[in-house]
Amino acid sequence: MCDPDSEPNAAGADVPPGALEISIAFGLNGEKRSCRTDSNAILLDVLREDFGCRGVRRSCERGVCGACTVLVDDVPVASCSTFAFAVEGACVETVEGLAAADGTLSPQQQAFAECGGYQCGFCTSGMLMLTTGLLRREPRPDRGTIREWISSNTCRCTGYEMIMESVERAAELIAPPDGERE
């Protein structure tokens, strides 16, 4: 795993067959980070185990359910199927980076709370990151676009209607009123 204070391993020591230890440097929730990790480490493990980003959920481990969704340079990716080395030099955002330092919820988090989009909470971090990526790309998405975007994440509660309402509400909170420049 990624240990920012570690020295390179001696040849073959504690490294799985075929793996090499590498250095990676990237932005994580607005802070510069670097570490050494196995070349075959996945981003999910580095974020959770080494940087304490527990909001990145482990679920299907196949890039299918969306619980592990993070943003890499504003693009939603499944961290369970992304090698850690792939984020070298990139900006990675997790749900931990959404709220302000003083604990004030982001508009996305506020909208999910207002509209009941949290439900059981398992898919929420991935849904919040998808919502963030969508609203950065398209500040006023229509329902069809929202449906298409959230279809990549599985909600075990089957409560997609409240999630869609949450995304619409987040768009209202983020987007400037009609007539104002963005």
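Analysis parameters
Residues numbered from 1 in each chain as written. Predicted model: local features only at pLDDT ≥ 70, side-chain atom pairs only at ≥ 80, totals over all residues. Heavy atoms only, no water. Phe/Tyr/Trp six-rings, centres within 6.5 Å; stacked < 30°, edge-to-face > 60°. Helix = DSSP H or I, 4+ residues; strand = E, 2+ residues; numbered from the N terminus. Buried < 20%, exposed > 50% of the residue type's maximum accessible area, 1.4 Å probe, protein only. Lys NZ or Arg CZ within 6 Å of the ring centre and 35° of its normal. Salt bridge = Lys/Arg side-chain N within 4 Å of Asp/Glu carboxyl O. Core = buried A, V, L, I, M, F, W, Y, C linked by side-chain atoms within 4.5 Å. Contact = heavy atoms within 4.5 Å. Pairing = 2+ DSSP bridges. Axes fitted to C-alpha atoms, helices over the stretch in contact; angles between N-to-C directions.

Draft legend 1. Spatial organisation of the packing of aromatic side chains. For the structure on display, the rule yields 3 aromatic pairs. Taking 5.8 Å as the distance between ring centres and 85 degrees as the angle between the ring planes, the aromatic pair formed by Phe26 and Phe51 counts as edge-to-face. With Phe26 in strand S1 (residues 21-28) and Phe51 in helix H1 (residues 43-51), this pair connects stretches of sequence that are 25 residues apart. Across the pair, exposure class does not vary: Phe26 and Phe51 are buried alike. When the centroid spacing of 5.2 Å and the interplanar angle of 10 degrees are considered together, the rings of Phe83 and Phe85 count as stacked. By relative accessible area, which is 40% here, Phe83 ends up partly exposed. Against the face of Phe122 rests Arg57, its NZ or CZ located 5.8 Å from the ring centre. The lysine or arginine in question, Arg156, covers the ring of Phe122, its NZ or CZ lying 4.2 Å from the ring centre.

Draft legend 2. Representation of the pattern of salt bridges in the model. For the coordinates displayed, the defined rule picks out 10 salt bridges. We note a salt bridge from Arg58 to Glu61, for which the minimum N-O separation is 3.4 Å. Residue class for Arg58 comes out partly exposed when judged on its relative accessible area of 31%. Residue classification places Glu61 among the partly exposed positions, given a relative accessible area of 45%. In this structure, the salt-bridge partner of Arg169 is Glu114, at a minimum N-O distance of 2.7 Å. Separated by 55 residues along the polypeptide, Arg169 in helix H5 (residues 160-174) and Glu114 in helix H2 (residues 107-115) bring together distant segments of the chain. Taking relative accessible area as the criterion, Arg169 reaches 25% and is therefore assigned partly exposed. Overlapping salt bridges bring together Asp45, Arg58 and Glu61 as one network.

Draft legend 3. How the structure looks around the nonpolar core. Formed by 22 residues in total, the largest nonpolar core has its most connected members in Leu47 and Val92. Contributions of two or more residues to this core are made by S1, H1 and strand S3 (69-72). Ranked by the residues each element gives to this core, the list is headed by H1, at 5 residues. Sequence-distant contacts of Val92, that is, excluding residues within four places in its chain, are made with Phe26, Gly27, Leu28, Asn29, Leu47, Val70, Leu71, Val72 and Val87. With 17 residues, the next largest nonpolar core counts Met129, Ile146, Ile150 and Val167 among its residues.

Draft legend 4. Broad picture of the sheet that holds S3. Strand order in the open sheet formed by 5 strands is S2-S1-S5-S3-S4, with mixed pairing between adjacent strands. On the outer flanks of this sheet lie strand S2 (31-38) and strand S4 (75-78), each paired with one strand and no other. Here the average twist between neighbouring strands, direction ignored, is 40 degrees. By the bridge criterion, 8 bridges tie S1 to S2 in an arrangement that is antiparallel. Looking at S2, one finds that Ile22 is bridged to Thr37. The strands touched by H1 are S1, S2, S3 and strand S5 (91-93); relative to S2, the strand with the most contacts, the crossing angle is about 110 degrees.

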